[in-house]
Amino acid sequence: MENVLRPLIVLVGSVLLTLLLGWVTDLLLRRADVRHSETPLWGLLRRCRVPLQVVVLTALLRGTYTETAIAVVEENEGLIGHVLTLVLIAASAWLVVRIAAAVVEASYSRFAATSRDLARVRRVRTQVALVQRIVTAVVAVVAVASMLLTFPGMNKLGASLLASAGVLGIVAGVAAQSTLGNLFAGFQIAFGDMVRIGDTVVVDGEWGTVEEVTLTFLAVRTWDERRITMPVSYFTSKPFENWSRGGVQMTGTVFFHLDHTAPVHEMREKLHDVLRECPAWDGRDWSLAVTDTTPNTMVVRAVVTAKDADDIWTVRCAVREQLIAWLCDHHPYALPRIATSQAVSPPAEHTQPETPAQRTGRG
């Protein structure tokens, strides 16, 4: 009878104690979330319930599995203890990562709720995302190292690695040159305020919004929902356009190639009418002027403004579409055209007299 009760007490007791501790922890976090609604930290910490229960259950089993008095357990006591130790290390790392993520996300949420500077919010968001990834990487490396050290042969392996550290360092430095360059470029982007998540950029002629920034790559979502993934070292070594830096307000231009007889004054009045009816125009500024001329056409430039890059695109398209339609309906003569006519013969006095060779050949 004792052989049956002892394993049940150990296993069932560990599971019940784990569930009880998880329920009590979740209850306390819910009450703290209600009392301190100004911060989302307590609500975010509730996500740690599962890794916490895994840590507690593994720790309880690691300390009591030898009391089960089961023959299989006694025969494989070392192996089972080693496996439980590995699971405990991995679960502890999982718990630390969840707690760090909750703290970082709560800090960013409080800052975003109180700050009115959208550019600064995007900057903090980029930094927070990279810091969270760094913490995750560090915890993962420490956890893997701790798990490897539980194996008896790792000490000798560590001594061998230290003995050949000089050669390995040179080889690793050459092999990981690109990776390390991207790593340091990621730090430079995060804390140098070069580009932030949510910024509107133009890279290699592609217009889009920065969607994700990591330590090694940066993802740009284009206007047609494509994703361009580029190494972060690109943004520290090559020029690119950042339309969101220094403010999100934009000024755009629309060019028209028209005939010299185009009614510029009436076009200016029509442009103002079009802008007044366009919700995307912010009302800050507008103008229309002749900026260049060619033997066949003249270049008319319309300048418009909007509150951000998306609206400036909408305003430019609306102005281009409606002004061209207005010219076609009311002033078709103003559209560019190619003038053609018959060639005019030169006057008789400019005609060259025929040479004797030409007369001979004609005869």
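Small disclaimer: the values here were computed from a predicted structure and weren't measured.

Rules used throughout
- In this convention, every chain numbers its residues from 1, walking through the sequence in written order.
- Residues qualify for local features only when their pLDDT is at least 70, as the model is predicted, and side-chain atom pairs are given and counted only at 80 or more; totals for whole chains, interfaces and linings, by contrast, use all residues.
- Hydrogens are left out, water is left out, and the side-chain values use all remaining heavy atoms of the structure.
- Secondary structure elements follow DSSP: runs of H or I no shorter than four residues count as helices, runs of E no shorter than two count as strands, and numbering proceeds from the N terminus.
- Computed with the Shrake-Rupley method and a 1.4 Å probe, the accessible areas treat only the protein chains shown as cover for residues.
- Predictor confidence is given residue by residue as pLDDT, running from a minimum of 0 to a maximum of 100.
- Between two residues, a contact is recorded if the distance between any of their heavy atoms is within 4.5 Å.
- Paired strands are those between which DSSP finds at least two bridges.
- UniProt positions are given in the numbering used here, feature names are shortened, and annotations may be inferred rather than shown by experiment.
- For helices, the axis comes from a line fit to the C-alpha atoms of the stretch in contact; other axes are also lines fit to C-alpha atoms, and the angle between any two N-to-C directions lies between 0 and 180 degrees.
- Roughly parallel here means an angle under 35 degrees, roughly antiparallel means over 145, roughly perpendicular means 65 to 115, and every remaining angle is called oblique.
- For any helix crossing, the convention is left-handed if the near helix is rotated counterclockwise from the far helix by under a right angle, and right-handed if that rotation is clockwise.
- Gly is placed with the polar residues, together with every amino acid not listed as nonpolar (Ala, Val, Leu, Ile, Met, Phe, Trp, Tyr, Cys and Pro) or charged (Asp, Glu, Lys and Arg).
- Every case where a carboxyl oxygen of Asp or Glu lies within 4 Å of a side-chain nitrogen of Lys or Arg is listed as a salt bridge.
- Accessible area is worked out with a 1.4 Å probe on protein chains only. A residue is then buried under 20% of its type maximum, exposed over 50%, and partly exposed in between.
- For a helix, the expected span equals 1.5 Å multiplied by the residue count minus one.
- Whenever two N or O atoms come within 3.5 Å, that pair is a polar contact, provided that in protein one can donate a hydrogen and the other can accept it, and provided that, for residues adjacent in sequence, both atoms are side-chain atoms.
- Comment: arc refers to directions from the helix axis out to C-beta atoms.

Next up on the list: the overall build of the protein chain. If you tally the helices and strands in the protein chain, you get 13 helices and eight strands. As displayed, the protein chain offers around 22600 Å² of accessible surface, 62% of which is attributable to carbon and sulfur atoms.

When pLDDT is averaged across the protein chain, the result is 76; 74% of the residues are at 70 or more. Of all secondary-structure elements in the protein chain, the lowest mean pLDDT belongs to helix 8 (residues 165–175), at 43, while strand 8 (residues 298–306) reaches the highest, 93. Note that residues 161–178 has pLDDT below 50 and, in this model, one contact with residues that lie over four places away or in other chains.

For the rest of this paragraph, the subject is the pairing of strand 3 (residues 217–222). Examined bridge by bridge, strand 2 (residues 206–213) and strand 3 share five bridges and lie antiparallel to one another. Paired with Val213 across the strands is Leu218, a residue of strand 3. In this structure, strand 3 lies alongside strand 4 (residues 227–231), joined through five bridges in antiparallel fashion. Considered in strand 4, the bridge of Phe217 is made with Pro231. Connecting strand 3 to the antiparallel partner strand 4 that follows it, the hairpin turn spans four residues, and Glu225 within it adopts a positive phi of roughly 70°.

This part takes up the UniProt feature "transmembrane region" (unreviewed entry) in the protein chain. Look at the UniProt record and you will see "transmembrane region" (unreviewed entry) annotated at residues 6–29, 79–101, 130–151 and 157–176. The span residues 79–101 is 100% helix and 0% strand, and its two end C-alpha atoms sit 33 Å from each other.

Across the sheet, five strands lie side by side as 4-3-2-1-5; this open sheet has antiparallel pairing. Bordering the open sheet on either side are strand 4 and strand 5 (241–242), each of which pairs with just one other strand.

The next subject is the packing of helix 11 (residues 264–276) against helix 12 (residues 309–330). Running from N to C, helix 11 and helix 12 point in directions that differ by 135°, and their axes come no closer than 10 Å. Between helix 11 and helix 12, the crossing angle belongs to the class labelled oblique. Our pair here, helix 11 against helix 12, has a crossing hand that is right-handed. Contacts between helix 11 and helix 12 involve Glu266, Met267, Lys270, Leu271, Val274 and Leu275 from the first element and Val315, Ala318, Val319, Gln322, Leu323, Trp326 and Leu327 from the second. Of the residues assigned to the contact of helix 11 with helix 12, the class counts are ten nonpolar, one polar and two charged.

Where charged atoms from two side chains of opposite charge approach closely, those side chains can pair. For the structure on display, the rule yields ten salt bridges. For Glu211, the salt bridge is made with Arg227, and the minimal N-O distance between the two is 2.7 Å. Of this pair, Glu211 sits in strand 2 while Arg227 sits in strand 4, and the two are 16 residues apart along the sequence. Under the relative-accessibility criterion, Glu211 is labelled partly exposed at 34%. Between Arg226 and Asp224 there is a salt bridge whose closest N-O contact spans 2.8 Å.

Below, the discussion takes up helix 12. With 22 residues, helix 12 should reach 32 Å at 1.5 Å per residue; the first-to-last C-alpha distance of 32 Å fits that figure. When we look at burial in helix 12, the residues that qualify are Ala309, Asp311, Ile312, Val315, Ala318, Val319, Leu323, Trp326 and Leu327. Those residues of helix 12 hidden inside the fold are in contact with strand 1 (200–203), strand 2, strand 6 (250–258), helix 11, strand 7 (281–293) and strand 8. Its side-chain oxygen 3.3 Å from the backbone nitrogen of Asp310, Asp308 forms the N-cap of helix 12.

In spatial order, the strands read 6-8-7; together these three strands make up an open sheet with antiparallel pairing. Two strands in the sheet have a free side with no partner beyond their single neighbour: strand 6 and strand 7. Strand-to-strand twist across the sheet, computed as the mean angle between neighbouring axes with direction ignored, equals 20°. Alignment of strand 7 against strand 8, held across eight bridges, turns out to be antiparallel. Within strand 8, the position partnered with Ser287 by the bridge is Val303. Of the strands in this sheet, strand 6, strand 7 and strand 8 touch helix 11, which is tilted by about 155° from strand 7.

Let's shift gears to the side chain of Asp311. Tracing the sequence through the fold places Asp311 in helix 12. Among the residues examined, Asp311 registers a relative accessible area of 17% and is labelled buried.

Two numbers describe a pair of packed helices, the interaxial angle and the distance between the axes. Interaxial distance between helix 3 (residues 49–64) and helix 5 (residues 77–114) falls to 8 Å at its minimum, and their mutual angle equals 155°. Classified by the angle between their axes, helix 3 and helix 5 sit roughly antiparallel to one another. Once helix 3 is placed against helix 5, the crossing between them reads as left-handed. Across from Val50, Pro51, Leu52, Val54, Val55, Thr58, Ala59, Leu61 and Arg62 in helix 3, the residues of helix 5 making contact are Gly81, Leu84, Thr85, Val87, Leu88, Ala91, Ser92, Trp94, Leu95 and Arg98.

So, on to helix 11. The end-to-end C-alpha distance of helix 11 is 19 Å, a good match for the 18 Å that 13 residues give at a rise of 1.5 Å each. Regarding helix 11, the residues found buried are Val264, Met267, Leu271, Val274 and Leu275. Down the axis, helix 11 shows its buried residues gathered within 95° of arc, on one side only. Away from the buried face of helix 11 by more than 90 degrees, exposed residues His265 and Arg276 are located. On its buried side, helix 11 packs onto strand 6, strand 7, strand 8 and helix 12.

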